[in-house]
Amino acid sequence: MLAYCEVVDDRMNAVFKALADPTRRLLLDRLFVVNGQSLGELCDSLDMSRQAVTQHLDALEDANLISTVRQGRSKLHYLNPVALEEIRERWINKFEVPRLNALSAVKRLAEEAMADKPSFVYVTYIASTPENVWKALTDAQATAEYWGHSNVSDWQPGSTWEHRRIDGSNIADVVGTVVESNPPSRLVTTWADPNGEPGVDISRVSFDIEAFDAIVRLTVKHTDLADESARMEVAGGWSAVLSNLKSYLETGNTLPVAPWEMPVG
């Protein structure tokens, strides 16, 4: 437990150090206004070299304040709400300060979709191994523990998968196909309403699992969503599920209350 606390403290130190620099705060402000920008777009109107801007962006990414996604030859930068949520949980909640509108706005914009860019990107860091993260995402019993549904499949490319209720009905609320399966590093599936029209409103979810010393970076991308309403729904859903997953893997227990049951407001 002491070692885990030291890891958390190191992450927080990196966050506060990154936020202390005015140029890095300016870059975050730019992503707040327009999320998912390339290096060239972020360099516009800045009186510094691309190399200097890159160094600032690397510091923000190391602090988990931004995440990056490759799109062709471009590297797009997105605000990442995870580090800000950790600050809120550790430094704000204990003083019982009401939720802050600014943090809510950052989180909302961090998940905001662009027409030709990933609709939703979420990055979290977990004190675990790639193998354990992979099992937690694909094992029916494990997903039932922290997700409230069982993910059922043989997880082979081309196979079907189902997101089944655990109330005994075995009703599938989501169905799809396994597009890519490369354990323990990458899983891609399609998502669809089992009662919807065939071929309509099918989205895609990818899980990228990367090891770094004693932790894992899990990147979830949910793309091809039908509309803004669908984006808002999955944004809240993924935040809740991945928070529960993180607790499950790091402590052996899920959060004491299912986070998706919390009232929104």
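Keep in mind that this is a model prediction, so the values were computed, not measured. (Residues numbered from 1 in each chain as written. Predicted model: local features only at pLDDT ≥ 70, side-chain atom pairs only at ≥ 80, totals over all residues. Heavy atoms only, no water.)

Colleague: Tell me about the overall build of the protein chain, and please be specific about residues and values.
Modeller: The helix and strand tally for the protein chain stands at nine helices and nine strands. Every one of the 265 residues in the protein chain was classed for burial, and the buried ones make up 44%. Relative to all contacts within the protein chain whose residues are 6 or more apart in sequence, the contacts with residues 24 or more apart total 48%. A total of about 14300 Å² of accessible surface is found on the protein chain, and carbon and sulfur atoms cover 52% of it. (Helix = DSSP H or I, 4+ residues; strand = E, 2+ residues; numbered from the N terminus. Buried < 20%, exposed > 50% of the residue type's maximum accessible area, 1.4 Å probe, protein only. Contact = heavy atoms within 4.5 Å. Areas by Shrake-Rupley, 256 points an atom, 1.4 Å probe, with all protein chains shown as cover.)

Colleague: Break down the pairing of strand S8 (residues 203–212) for me, with residues and values.
Modeller: Across six bridges, the pairing between strand S7 (residues 186–191) and S8 is antiparallel. Following the sheet pairing, Leu-187 is matched in S8 by Phe-207. Pairing geometry for S8 and strand S9 (residues 215–223), over nine bridges, is antiparallel. Bridge pairing links Ala-211 to Val-216 in S9. Hairpin remark: S8 followed by S9, antiparallel, with two residues in the connecting loop; positive phi at Asp-213, about 55°. (Pairing = 2+ DSSP bridges.)

Colleague: Please give an account of the environment of Ala-192 that cites residues and values.
Modeller: Note on placement: Ala-192 falls in the loop between S7 and S8. Expressed as a C-alpha distance, the spacing of Ala-192 and Asp-173, which sit 19 residues apart in the sequence, is 8.7 Å. Ignoring sequence-local partners within four residues, the contact set of Ala-192 consists of Asp-173, Val-174, Val-175, Asp-201 and Ile-202.

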